[in-house]
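In case you want the letters, here they are:
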Amino acid sequence: TYGYFVLEAQSCGCPVITTNIRALPEINNNECGWIIDVPKDDLGNGILKTERDRAFFCNILEQGLEKVLTDIINKPYQISDKGKKALQRIKLLHDPIRHAEQLIAIYQEALE
C-alpha cells in the first residue's frame, strides 16, 4: 500500500501518473511525474463512501488523466526530463542501501 510499484517504475527512470491519495504524494510529484488531485479525507484516503462520491471521484480522475495525457502528447520531451528527475529522486530519497544502513543504525542504537 505504500506505493512500491511507483518506486520501482521511477527507479527505472519511468515517470508515473498517480493521484494525491495515501502515500503517493510522498513518492511522486509534478517534478518527476504527474499528480492528479482527487477528493480525499483528512487521512489522505479518497472520498468514496457514497455512489455520488464515487461518481465525482471518477469524473475528477478521468478529467485529470485526459489533461495529463494531452500534456504528454503535446510535450513528449517531458517524459525523459521527468524520468531523469524520478531516478535522481530515487537515488536521493529511496536508495535501498541507504535505507538498510539507517535501519542497522537504529537497531544498533536500540541494542546499546
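Structure: see above.
Numbers given to residues run from 1 along each chain, matching the order in which its sequence is written. In view of the model being predicted, local features appear only for residues whose pLDDT reaches at least 70, and side-chain atom pairs are presented and counted only at 80 or more, with totals across whole chains, interfaces and linings using the full set of residues. Side-chain measures here rest on the full set of heavy atoms in the structure, leaving out hydrogens and waters.

A. Molecular detail of the state of the cysteines. Disulfides are defined as pairs of cysteine sulfur atoms found within 2.5 Å of each other. Enumeration over the complete set of coordinates arrives at zero disulfides. Free of any disulfide, C12 has its nearest neighbouring cysteine sulfur in C14, separated by 7.7 Å. Considering cysteine sulfurs only, C14 is the nearest to C32, which forms no disulfide, with 11 Å between them. Exposure classes here rest on a 1.4 Å probe applied to the protein chains alone. A residue is buried below 20% of its type maximum, exposed above 50%, and partly exposed in between. Accessibility expressed as a relative area gives 1% for C32, which makes it buried.

B. Quick peek at the packing of helix α1 (residues 4–11) against helix α4 (residues 77–93). For helices, the axis comes from a line fit to the C-alpha atoms of the stretch in contact; other axes are also lines fit to C-alpha atoms, and the angle between any two N-to-C directions lies between 0 and 180 degrees. Under the scheme used here, helices are H or I runs from DSSP no shorter than 4 residues and strands are E runs no shorter than 2 residues, and both carry numbers assigned from the N terminus. In contact at an axis separation of 8 Å, α1 and α4 are set at 115° when each is read in the N-to-C sense. Relative to α4, the element α1 lies roughly perpendicular. Relative to α4, the crossing made by α1 is left-handed. Only A86, L87 and I90 of α4 make contact with α1, whose side of the interface consists of L7, Q10 and S11. By definition in this entry, angles of less than 35 degrees are roughly parallel, angles greater than 145 are roughly antiparallel, angles of 65 to 115 are roughly perpendicular, and the rest are oblique. For a crossing to be left-handed, the near helix must be turned anticlockwise from the far one by less than a right angle; the clockwise case is right-handed. Any two residues whose heavy atoms approach within 4.5 Å at even a single point are treated as in contact.

C. Molecular detail of the environment of L93. Tracing the backbone through its elements, the reader meets L93 in helix α4. Accessibility expressed as a relative area gives 41% for L93, which makes it partly exposed.

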